[in-house]
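In case you want the letters, here they are:
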Amino acid sequence: MSEFSSDLILWYKDNKRDLPWRHTTDVYKVWVSEIILQQTRVNQGLNYYINFLKEFPTVHHLAKANEDKVLKIWQGLGYYSRARNMHAAAKYVSDELNGVFPHSYDGLLKLKGIGSYTAAAISSICYNEHQTVVDGNVFRVLTRIYGIETPINTTIGKKQIEALAHSLNDGKEHGTFNQALMEFGALHCTPKKPPCQSCVFKDKCWALQNKKVDILPVKEKKPKVKKRFLNFIVFTDKEDQTVIQRRNGNDIWKGLYQYPLIETSHTILTPKLLGLEEFVDLTANQDINIISEFTLNHLLTHRHLVITVLSIRLDSLEHFKESKYQIVKTDRLNEFAFPKPLIGIFN
C-alpha cells in the first residue's frame, strides 16, 4: 500500500462521520444511499435515506410501490429521474433477478440509473472489488496534493485524475479507500479555507507549497444558464377544490404534479397574463377574483427558473373535468408529489 493510501485510511478511521450506510454492506441500502447522495449533501440526504428505507425496507417493497408513492417520498430532493430510475431498477432486480443485485461492477452497470461512479462505489464497498470512484471531492484533493492544473471538466482532466486515483487505491481495502478519499475532501480539503496547517498531507501538498490551494482544481467556464419564465395559475372554487396536472414528456420534473402552467419568453405583468388567450381558455371566460401573487427564482443545474404563482378564485371548475387536468380537494394535495417551488402553496 502506498504511503498516501495508508495515511488517508488512518485519517478516515479517526475522523469519519458516523453515517448509517457505513454500518452495512447490504447492496440495497448502499445503493439507496449512493443514489440519494449523487446530487445531495449528506446532511440533507440523511433523513431522506432513513425515510426511504422505512417506507421501502427491501428492493421488493420498492418494486411493488406505485410511481406516485416513490416520487412523493422523493419530493424535495430534486433530479427526479433518479427516483424513477431506482423504481425501474428495483422492478428488474425483484422480478428478473429474484431480489439479488449483480455481484460485480459490470453487472451493476446494467441496472437503470447506475453509471460508472455508482457501480464503482457499490462494488468496492459491498464486494471490495478493485474499482475507484471519482467525484468533486476527489478532484479537489488530488489536484491540490499532486499539482494537477488540467481543467477537471475536460475529458483529459477527468481521465488524468481517474488514472491517478486508481493507482493510489492499491491496498486491500478498496471500498474504504474510496470512502476515505471522498470524506477527506468533504471534511478537510474543503473548497474554501481548508485547514491546511493541520492537514496530514501538508508536507506533500503541491498546492500548499506553491500557494495555489484557492486556485485548484481548475475548471473551464460553464455554458450559459438558460432562463425560463413559468407562470402557474392556482385555481380554487368555493368547495375548496383546485386543479392540477401531471408533467409528462422529457422536460424538468417529469412525473411530478403542477398547477396549470403558462410559460412565457420573458417576465410578464399580471394584466398582460390575464389577457392571453391561453389564460382566458383556462378560465372558460368566467369572472375571476385574484387572491394572491408571488414570484420566486429557482436554480437548476443549467436553468434559471423565474416562477410566478397566481392564485385565482373561480365560481366553477367544472370545465376542467373533460381535460388533461384533475380536480382535487386542497386538503388532498399532500398525496401528490410536486416540484419543490410548488410545495406547500395551501399550507
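In this report, we go over the structure that sits alongside the text. Quick caveat: nothing in here was measured; it's all calculated off a predicted structure.

Calculation rules
- Residues numbered from 1 in each chain as written.
- Predicted model: local features only at pLDDT ≥ 70, side-chain atom pairs only at ≥ 80, totals over all residues.
- Heavy atoms only, no water.
- Axes fitted to C-alpha atoms, helices over the stretch in contact; angles between N-to-C directions.
- Helix = DSSP H or I, 4+ residues; strand = E, 2+ residues; numbered from the N terminus.
- Parallel < 35°, antiparallel > 145°, perpendicular 65-115°, else oblique.
- Left-handed = near helix turned anticlockwise from the far one by under 90°.
- Contact = heavy atoms within 4.5 Å.
- Nonpolar A, V, L, I, M, F, W, Y, C, P; charged D, E, K, R; others polar.
- Pairing = 2+ DSSP bridges.
- Salt bridge = Lys/Arg side-chain N within 4 Å of Asp/Glu carboxyl O.
- Buried < 20%, exposed > 50% of the residue type's maximum accessible area, 1.4 Å probe, protein only.

**A word on the packing of helix H2 (residues 27-36) against helix H6 (residues 81-96)**
- Closest axis-to-axis distance for the H2/H6 pair is 10 Å, and the angle between their directions is 160°. Relative to H6, H2 is oriented roughly antiparallel. Regarding H2 and H6, the two cross each other, and that crossing is right-handed. Residues Trp31, Val32, Ile35 and Ile36 of H2 lie in contact with H6, whose contacting residues are Arg82, Met86, Ala89 and Ala90.
- Residues belonging to the contact of H2 with H6 are distributed by class as follows: seven nonpolar, no polar and one charged.

**What about the pairing of strand S5 (residues 289-299)?**
- Strand direction decides the pairing type here: S5 and strand S6 (residues 303-313), joined by ten bridges, are antiparallel. Across the sheet, leucine 299 pairs through a bridge with histidine 304, a residue of S6.
- In this structure, the hairpin formed by S5 and S6 is closed by a connection of three residues.

**Quick notes on the pattern of salt bridges**
- Counted according to the given criterion, the structure contains 14 salt bridges.
- The partner of glutamate 67 in a salt bridge is arginine 246, and the shortest N-O contact between them spans 2.5 Å. With a gap of 179 residues between them, glutamate 67 in helix H5 (residues 67-74) and arginine 246 in strand S2 (residues 241-246) connect regions that are remote in the sequence.
- According to the relative accessible area criterion, glutamate 67 is partly exposed, its value standing at 29%.
- On the basis of relative accessible area, arginine 246 is assigned to the partly exposed category, the value being 27%.

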